[in-house]
Amino acid sequence: MTTAAATPAEGRSRRGGYVLSGVALRGVICAVPGAPVANSVIAQTLGDQAVADVVKMVGVETRHWAAPDQTSADLCAAAAERLLEKLQWEPDSVDALIFVTQTPDHPLPASACLLHGRLGLATDCQAFDVNLGCSGYVYGLWLAASLIQSGCRRVLLLAGETSSRLVDPSDRGTAVLFGDAGSASAIEQDSAAPTLRFRMGTDGAGAGALMVPQGGFRPVDPDRAFTLDPTRLHMDGGEVFTFTLREVPKLVADTLADAGLAGEAVDAYLLHQANRFMLRHIGKKIGATDAERLPINIDRYGNTSSATIPLLLADDMAERLTAGATRLMLVGFGVGLSWGAVLGEFGPLACAEVISA
Amino acid sequence: MQNLYAGLAEIFEIDASEVGPDTVLANHNWDSLAIVSTIALVDEICGELLDGAALNACVTASDIVALIPQAKAA
């Protein structure tokens, strides 16, 4: 009588996986600040050779940086206004606003409340922030889908970051890698929509691998010697890379197994744009090596944290997604350490574009 | 281990004949980028994920080789 463990098909054998139905993505708009910033600008601080060494690995050629008075909420507001206009959604038809960011306008209130006011949403619309980064877009979709299953009809998911404010310009590991962007996605109740399969996880023991040590309410250990400004982002690239190689191929395989699908059945994998070398390596492991099935845009936008997956949807995938339906797996992973994947048919979208803010 | 040495030569941008067990990593810019590349290299060759901190502590190429059976045992 070796039961549950021996028969994985039975019961809740694989934890962390969820199926949701009746939820449709209608459109995605991204907003990037200003003109693209070339590597030569960063080389003025770090030197040509140091920048060239990092670029060879991470693959970033240009990125956008927000102006000093421009925030993640500003970028997301610009994207959301365009999205509402394109979809012809009246502001008071939105039931919930979720804002995923690690660079809010203020310690309090939640920037989602400020965005609610700016967008003129109804007073019976809920609004809240979610503090997640690279995995945040998948978590945001999961939350939006869950709200819809709880009775909401229309949800705005805003996800954006101004990581340029968090990096230490003298740290070549992060100064070259990160870019700024905001996004807005429209999610709507639709009983005819195909099923979405989510899978999420966390490894809090690895939280120190990506951290801004100072700026919250926990005092910093006065004896701790920092090589970088403690109010800026500290990233242990080796740890993050090992974590990604350990968890992401497994996450992809488990999500496919939940759906009973082979990898070839997925039209494209939209992976968080962490680092080009890492993406290509994972691509080989999951059997997606061409631009059609593994789009990469880190060369143009850098790593924009929770906005990388919406940037893939609104840029590289825009034509395919506005023309028809396509089966995608969206995979986010990073700070937390936290990860999430969603597999399903997406499209046709009413709009998918990148605007300047 | 010839694959590993050839891969390290590629990471260090030197000729494969110049890399062997006694190669001193510090002479070839053994930094976080080289370590990340080596993690990927070892994963590709034998499907083992080495620890970044352990790689950081390696002095010679043979120290990297020595980590691989440990990764298998773990």
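Keep in mind that what you see is a predicted model, and the values were worked out from it rather than measured.

A word on the domain arrangement of chain A. All names here are of chain A. Looking at chain A, the domain boundaries give domain 1 (11-19 + 195-349) and domain 2 (23-189). Taking the mean C-alpha position of each, domain 1 and domain 2 sit 15 Å from one another. Taken together, the contact between domain 1 and domain 2 spans 45 residues of the former and 48 residues of the latter. Of the roughly 3700 Å² buried between domain 1 and domain 2, counting both surfaces, carbon and sulfur atoms make up 68%. When the buried area of domain 1 at its contact with domain 2 is split by residue, R232, L233 and S306 rank highest and sum to 14% of it. Where domain 1 packs against domain 2, one counts 0 salt bridges. Inspection of the region where domain 1 meets domain 2 yields 16 residue pairs in polar contact (both at pLDDT 80 or more). Elements represented by at least two residues in the side of domain 1 that touches domain 2 include exactly β9 (196-202), α8 (276-286), α9 (298-301), α10 (308-316), β13 (326-334) and β14 (338-346). Here the element with the most residues in the side of domain 1 that touches domain 2 is β14; it accounts for 6 residues.

Moving on to the pattern of salt bridges. Within this structure, the stated rule accounts for 19 salt bridges over all chains. Two residues, A:K86 and A:E353, come together in a salt bridge whose shortest N-O distance is 3.8 Å. Note that A:K86 is positioned in helix α3 (residues 72-87) and A:E353 in strand β15 (residues 351-356), a separation of 267 residues in sequence. The partly exposed category is assigned to A:K86, whose relative accessible area is 43%. With its nearest N and O atoms 2.4 Å apart, the salt bridge here joins A:R172 to B:D31. In this pair, A:R172 is assigned in helix α6 (residues 172-175) and B:D31 in the loop between α1 (2-12) and α2 (32-46), connecting two distinct chains. If you follow the salt bridges from partner to partner, you end up with A:R26, A:R153, A:R154, A:E188 and A:D190 in one network.

About the criteria used
Residues numbered from 1 in each chain as written. Chains lettered and ligands numbered in written order. Predicted model: local features only at pLDDT ≥ 70, side-chain atom pairs only at ≥ 80, totals over all residues. Heavy atoms only, no water. Domains from an automatic or database assignment. Contact = heavy atoms within 4.5 Å. Buried area = accessible area lost by both parts, 1.4 Å probe. Salt bridge = Lys/Arg side-chain N within 4 Å of Asp/Glu carboxyl O. Polar contact = N/O pair within 3.5 Å; in protein donor to acceptor, adjacent residues only side chain to side chain. Helix = DSSP H or I, 4+ residues; strand = E, 2+ residues; numbered from the N terminus. Buried < 20%, exposed > 50% of the residue type's maximum accessible area, 1.4 Å probe, protein only.

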